[in-house]
Amino acid sequence: KKYNNVLYVEPIYEVHLLDLPNDPAAQLETGQQTYLAAVNAHKAWEIFPGTSNITIASIDTGVQLDHEDFADNDNNATADSNGHGTRVAGLHSAVGNNGKGMAGLAFNSKILPLKIFKSSNGSGFQAYQ
C-alpha cells in the first residue's frame, strides 16, 4: 500500500499438515477409524492429543491390559473376555504414533479400566451397587 506501483497485496498463508499418527487404522484414506474424520480428530490433535496428566475411566467389561496398543505389555491382570471394553478403551486411549493398530482420540492420556459389566453376557445389572 505504500507504493504507487502496487495494485493489491495478498497474504501468503503458512500451510500445516494435519497431525496424522502413523497407526495403520488412523490413516485418512485407508484406515478403518472412519469416525476420526467425522469428529475432526486430526485437526483436534494439533491442538491437544491428550496428556499423561489426564486419566480417562473406561467403565465397561474390563480391558485386555497386555494388548499391543496399551501400556508396556507388562501387566499380569486378566480381564475382558469378550473384548468390548478393550475396543471402547482403544477409541479414547490407544497409543498413537507407534505404528500399530489404531490411535485413540486422546492417545497421550492414561486409562483407568473399571470392570462393571459381566463378560459372559454384557449385563450391567446392579453394576453400580
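Residues numbered from 1 in each chain as written. Predicted model: local features only at pLDDT ≥ 70, side-chain atom pairs only at ≥ 80, totals over all residues. Heavy atoms only, no water.

A. How the structure looks around unusual backbone geometry. Non-glycine residue Asn40 carries a positive phi angle of around 55°. Looking at the secondary structure, you find Asn40 in the loop between helix H1 (35-38) and helix H2 (41-47). Of note in this structure, Asn97 is not a glycine but carries a positive phi near 60°. Note on placement: Asn97 falls in the loop between helix H3 (84-93) and strand E2 (110-115). Relative accessible area serves as the criterion here: at 42%, Asn97 is assigned to the partly exposed category. (Helix = DSSP H or I, 4+ residues; strand = E, 2+ residues; numbered from the N terminus. Buried < 20%, exposed > 50% of the residue type's maximum accessible area, 1.4 Å probe, protein only.)

B. Local environment of the nonpolar core. Among the nonpolar cores identified, the biggest contains six residues, and these are Ala26, Leu36, Ala41, Trp45, Ala103 and Phe107. With residues near it in sequence (within four places) discarded, Ala41 still touches Leu36 and Leu105. (Core = buried A, V, L, I, M, F, W, Y, C linked by side-chain atoms within 4.5 Å. Contact = heavy atoms within 4.5 Å.)

C. Representation of the packing of aromatic side chains within the structure. The final tally for this structure, using the stated rule, is one aromatic pair. Ring plane angle 70° and centroid distance 5.1 Å describe the contact between Trp45 and Phe107, whose orientation is recorded as edge-to-face. Here Trp45, found in helix H2, pairs with Phe107, found in the loop between H3 and E2; they are 62 residues apart in sequence, far enough to count as distant. Of the two residues examined, Trp45 and Phe107, each falls in the buried class. (Phe/Tyr/Trp six-rings, centres within 6.5 Å; stacked < 30°, edge-to-face > 60°.)

D. Looking closely at the environment of Ala37. Here Ala37 is to be found in helix H1. Overall, the relative accessible area of 44% leaves Ala37 in the partly exposed class. On a C-alpha basis, the gap between Ala37 and Gln27 in space is 9.7 Å, while along the polypeptide they are ten residues apart.

E. Local environment of a nonpolar patch on the surface. A cluster of nonpolar residues, Tyr3, Val6 and Val9, forms a patch on the protein surface that exposes about 320 Å² of accessible area. Relative to the helices and strands, Tyr3 resides in the segment before H1. Overall, Tyr3 belongs to the exposed group, its relative accessible area being 59%. (Patch = residues over 30% accessible without salt bridge, like charges linked within 9 Å, V, L, I, M, F, W, Y side chains within 5 Å. Areas by Shrake-Rupley, 256 points an atom, 1.4 Å probe, with all protein chains shown as cover. Salt bridge = Lys/Arg side-chain N within 4 Å of Asp/Glu carboxyl O.)

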